[in-house]
Amino acid sequence: MNEDKAILTAEKQFIDYLKKQGKSSSTILAYNNDLSQFAEFLGKRQITQVTSVGKEQIEEFKDYLSYNKYLPKSASRKLNAIKSFFRYLKNQNLIEANPSEKVDYPQYETKPPRILSQMEYRALRDAVRNDIRIAAVIEILLQTGLRIGELARLELEDIKDNSLRIKAYESQPERNVVFAQAAKKALDKWLEFRPQTKTKNVFITKTGRSFLIRNIRTIVNRYFKEAGIKDATINDLRHTFISHQLANGASVVMIQKLVGHKRLSTTEKYLNLINSSPEAKVKLEEL
């Protein structure tokens with residue numbers, strides 16, 4: 001085994017490893033934040049070396065998170081970062097035993113993806129009808145299953161006759177997404193209205209700047225509220241698209257490629273959902 005290493009030094013080494021592995025920036029940021037919080041927790045207890053961390057300290061950190069009212073799902077994510085960190089240290093021979101190996105994840109109920117009903121997506125369309133930009137955002141997400149980040153990064157050159165080119169980004173390869181007439185109609189209407197600017201992004205602000213993810217999410221959430229749709233997020237438009245496509249006979253492999261799932265098993269999970277959800281069995285209408 002190599003000489004003892006400081007926790008903060010080992011953490012930086014682990015984050016560099018994740019970058020070399022091609023992990024997404026959001027994953028790296030989350031791991032870095034979670035491990036920094038764990039390192040700060042240990043530091044207050046005078047524990048600064050990786051070999052000084054045992055199962056007891058990790059269990060204490062779990063208790064600390066619970067006491068400070070972290071949701072079990074958030075605590076589970078933080079523990080996952082810790083487990084990945086110590087697996088890495090063990091593989092690098094920086095520790096003799098993995099102290100996180102026998103630490104259990106917090107128990108919590110995983111909610112299935114939310115699928116909008118026919119009445120709900122009609123209400124959402126009605127709510128955004130006079131907002132040309134957001135109407136196009138909603139229609140593209142609902143008719144293509146794009147991720148919100150992919151929509152925010154769309155550029156004018158990515159628009160083809162009846163499809164969108166989704167450029168490669170971090171660990172996601174490039175793909176082409178065919179969109180329905182409803183999405184094409186809404187997008188064309190927005191492009192006619194779109195202000196002239198040097199910004200290449202399809203969706204921009206009134207001042208011609210890029211339409212940021214957080215702003216898209218905030219505005220769509222506001223329209224959910226106006227439409228009377230409860231417990232929904234912008235990601236549920238993607239869930240709705242996937243579920244409706246599978247429920248109406250699309251192959252799992254085709255949908256996997258269309259929405260950019262890395263693993264077929266991710267797409268297959270929706271099959272169980274649509275069998276128990278009447279909302280998924282209603283065909284998505286076009287405007």
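Scope of this entry: the structure provided in the associated data block. Keep in mind that what you see is a predicted model, and the values were worked out from it rather than measured. (Residues numbered from 1 in each chain as written. Predicted model: local features only at pLDDT ≥ 70, side-chain atom pairs only at ≥ 80, totals over all residues. Heavy atoms only, no water.)

## Topic: the pattern of salt bridges
Counting across every chain of the model gives 18 salt bridges. With a closest N to O distance of 3.3 Å, Lys12 and Asp16 form a salt bridge. Pair noted here: Lys12 and Asp16 are both in helix H1 (residues 7-20), with a separation of four residues, about one helical turn. Its salt-bridge partner being Glu59, residue Lys55 comes within 3.3 Å of it at the nearest N-O pair. Of this pair, Lys55 and Glu59 both sit in helix H3 (residues 55-67), four residues apart, which is roughly one turn of the helix. Assessed through its relative accessible area of 22%, Glu59 is described here as partly exposed. Residues joined in a network through salt bridges with shared partners are Glu155, Glu157, Asp158, Arg165 and Lys167. (Salt bridge = Lys/Arg side-chain N within 4 Å of Asp/Glu carboxyl O. Helix = DSSP H or I, 4+ residues; strand = E, 2+ residues; numbered from the N terminus. Buried < 20%, exposed > 50% of the residue type's maximum accessible area, 1.4 Å probe, protein only.)

## Some details on the packing of aromatic side chains
For the structure on display, the rule yields 13 aromatic pairs. Three or more aromatic residues joined by ring pairs form one cluster here, namely Phe14, Tyr17, Tyr31, Phe38, Phe41, Phe61, Tyr64, Phe85, Phe86 and Tyr88. Its guanidinium or amino end placed over the ring of Phe41, Arg45 lies 3.7 Å from that ring's centre, counting from NZ or CZ. Sitting above the plane of the Tyr223 ring, Arg222 keeps its charged end 5.2 Å from the centroid. (Phe/Tyr/Trp six-rings, centres within 6.5 Å; stacked < 30°, edge-to-face > 60°. Lys NZ or Arg CZ within 6 Å of the ring centre and 35° of its normal.)

## Notes on the packing of helix H6 (residues 132-144) against helix H10 (residues 235-247)
Where H6 contacts H10, the axes come no closer than 6 Å and their chain directions differ by 40°. In this view, H6 runs oblique relative to H10, as classed from their interaxial angle. Residues Ile138, Leu141, Leu142, Gln143 and Thr144 of H6 pack against Leu237, Arg238, Thr240 and Phe241 of H10. Residue classes in the contact of H6 with H10 are distributed as five nonpolar, three polar and one charged. (Axes fitted to C-alpha atoms, helices over the stretch in contact; angles between N-to-C directions. Parallel < 35°, antiparallel > 145°, perpendicular 65-115°, else oblique. Contact = heavy atoms within 4.5 Å. Nonpolar A, V, L, I, M, F, W, Y, C, P; charged D, E, K, R; others polar.)

## Here's the deal with a positive patch on the surface
On the surface, Lys23, Lys262, Arg263 and Lys269 cluster together into a patch of positive charge. Within the element layout of this structure, Lys262 appears in the loop between helix H11 (252-259) and helix H12 (264-275). By relative accessible area, which is 52% here, Lys262 ends up exposed. (Patch = residues over 30% accessible without salt bridge, like charges linked within 9 Å, V, L, I, M, F, W, Y side chains within 5 Å. Areas by Shrake-Rupley, 256 points an atom, 1.4 Å probe, with all protein chains shown as cover. Lys, Arg positive; Asp, Glu negative; His and termini not counted. Charge placed at Lys NZ, Arg CZ, Asp CG, Glu CD.)

## Let's talk about empty space enclosed by the protein
All chains considered together, the criterion is met by one cavity of 30 Å³ or more. The space that makes up the largest cavity amounts to roughly 40 Å³. Taken together, Leu141, Leu146, Arg147, Ile148, Ile234, Asn235 and Arg238 form the lining of the largest cavity. Looking at side-chain class alone, the lining of the largest cavity contains four nonpolar, one polar and two charged residues. (1 Å grid on protein atoms, 1.4 Å probe; cavity = no way out; pocket = protein on both sides within 12 Å on 5 of 7 lines; lining within 4 Å. Points joined across faces, edges and corners; volume = space filled by probe spheres on them.)

## Considerations on the packing of H6 against helix H8 (residues 181-193)
At a closest axis distance of 8 Å, the pairing of H6 and H8 adopts a crossing angle of 150°. Relative to H8, H6 is oriented roughly antiparallel. The two elements H6 and H8 meet at a crossing, and its hand is left-handed. Packed against H6, whose contacting residues are Ile132, Arg133, Ala135, Ala136, Glu139, Ile140 and Gln143, the element H8 presents Ala182, Ala183, Ala186, Leu187, Lys189, Trp190 and Phe193 at the interface. Here the residues of the contact of H6 with H8 are counted per class, giving 10 nonpolar, one polar and three charged. (Left-handed = near helix turned anticlockwise from the far one by under 90°.)

## Considering the nonpolar core
By size, the foremost hydrophobic cluster in this structure holds 51 residues, and its most contacted members are Leu146, Phe203, Ile216 and Leu237. Leave out the neighbours within four places in its chain, and Ile216 touches Val137, Ile148, Leu151, Ala152, Phe211 and Ile234. Residues Phe14, Tyr31, Phe61 and Leu94 belong to the second largest nonpolar core, which totals 29 residues. (Core = buried A, V, L, I, M, F, W, Y, C linked by side-chain atoms within 4.5 Å.)

## Let's talk about the layout of surface pockets
Estimates place the volume of the largest pocket at around 2,400 Å³. Residue lining of the largest pocket: 46 residues in total, with Ser26, Lys73, Arg147, Asn235 and His239 positioned closest to the centre. Sorting the residues of the lining of the largest pocket by element identifies helix H2 (25-43), helix H4 (72-91), helix H7 (148-153), H10 and H12 as the ones contributing at least two each. Here the element with the most residues in the lining of the largest pocket is H2; it accounts for six residues.

None of this, on its own, says anything about what the molecule does.
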